[in-house]
Amino acid sequence: MTTVTVVRKGAQVAIAADSLVTFGDTRLAHGYEINEKVFRVGESWFGMAGTTAHFPVLRKALGGLGADELKLDSRDAVFETFLKLHPKLKEQFFLNVKEEESDPYESSQFTVLIANATGIYGVYSYREVFEFDRFWAIGSGRSFALGAMYTAFDKAKTAREVAELGVRAGCEFDKNSAAPIKLHTLKLKG
């Protein structure tokens, strides 16, 4: 899986991720494949956890949205964007929306963190959207990352420092996360 973190501190937001790809018991470390778990679309950075098939699909699908459809400046705007994206994922990219028969909604099958000048957001498989005040993490290394970021948040000077520390903890203790770390920062509006 992975470790992806987002942090909001002071006038800065940061997003970071490890670089390891796994196929069952096989590890494809950095240097064997260029794996970008964090990618930019417009003025936002996205980090994902889940199957590697999601990465090119989400990059392409988001990049194909018009300026009137790709709005990520609030929790509601993120929800609306992913609501518009879901039918495109099914029709153009053949997304399998079934998880469990008892699911209340069709699943988008991915977990995404977003960082931009308006804040940090998380989108989960049923298009649940969260806006985080301080930090969050996803992937198999998330527990390690959350603990490290919780401990460091008040002492750290920047969002960058906290985000990197979270991914480093994931890389240290999660068997499915490994360096190098990719990290991006943005300045918050107002």
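Whatever comes next refers back to the structure up there.
The structure reproduced in this document is the subject of the present report. Values in this document were obtained by computation on a predicted structure and should not be read as measured data.

As a further point, take the overall build of the protein. Helices and strands together make up the secondary structure of the protein, namely four helices and 11 strands. At 16 Å, the protein has a C-alpha radius of gyration in line with the 16 Å of a compact globule built from 190 residues. Across its three principal axes, the protein shows a C-alpha extent of roughly 45 × 45 × 35 Å. For the protein, contacts bridging at least 24 residues in sequence account for 58% of all contacts bridging at least 6. Here the protein has roughly 9800 Å² of accessible surface; of this, 52% comes from carbon and sulfur atoms.

Here the focus is the sheet that holds strand β7 (residues 111-116). One open sheet holds the five strands; their spatial order is β5-β6-β7-β8-β9, and the pairing between them is antiparallel. The sheet is open, and its two borders are formed by β5 (38-41) and β9 (129-132), each paired with just one other strand. Across the sheet, the mean angle separating the axes of adjacent strands is 25° when strand polarity is ignored. Here five bridges tie strand β6 (residues 44-49) to β7, and the two strands are oriented antiparallel to one another.

As a further point, take the sheet that holds strand β10 (residues 135-138). Across the sheet, four strands lie side by side as β10-β1-β2-β11; this open sheet has antiparallel pairing. Both edges of this open sheet fall to β10 and β11 (182-187), since each of them pairs with a single strand only. Ignoring which end each strand starts from, the neighbouring axes of this sheet average 10° apart. Most of the contacts of helix α3 (residues 142-152) go to β10, to which it runs at about 160°, and overall it touches β1 (4-9) and β10. Of the strands in this sheet, β1, β2 (12-17) and β11 are in contact with helix α4 (residues 159-173), which crosses β2 at around 20°.

Judged by nonpolar contacts, the single largest core of 22 residues is most densely connected at Phe 46, Leu 58, Phe 82 and Ile 114. Where this core is concerned, the elements lending two or more residues are β5, β6, α1 (54-63), α2 (75-93), β7 and β8 (119-123). Apart from residues no more than four positions distant in its own chain, Phe 82 is found in contact with Phe 46, Leu 58, Leu 72, Phe 110, Ile 114, Val 123 and Arg 127.

Rules of the game
Residues numbered from 1 in each chain as written. Predicted model: local features only at pLDDT ≥ 70, side-chain atom pairs only at ≥ 80, totals over all residues. Heavy atoms only, no water. Helix = DSSP H or I, 4+ residues; strand = E, 2+ residues; numbered from the N terminus. Rg over C-alpha atoms; globule rule 2.2 N^0.38 Å. Contact = heavy atoms within 4.5 Å. Areas by Shrake-Rupley, 256 points an atom, 1.4 Å probe, with all protein chains shown as cover. Pairing = 2+ DSSP bridges. Axes fitted to C-alpha atoms, helices over the stretch in contact; angles between N-to-C directions. Core = buried A, V, L, I, M, F, W, Y, C linked by side-chain atoms within 4.5 Å. Buried < 20%, exposed > 50% of the residue type's maximum accessible area, 1.4 Å probe, protein only.

That's the geometry; what it means functionally is another story.
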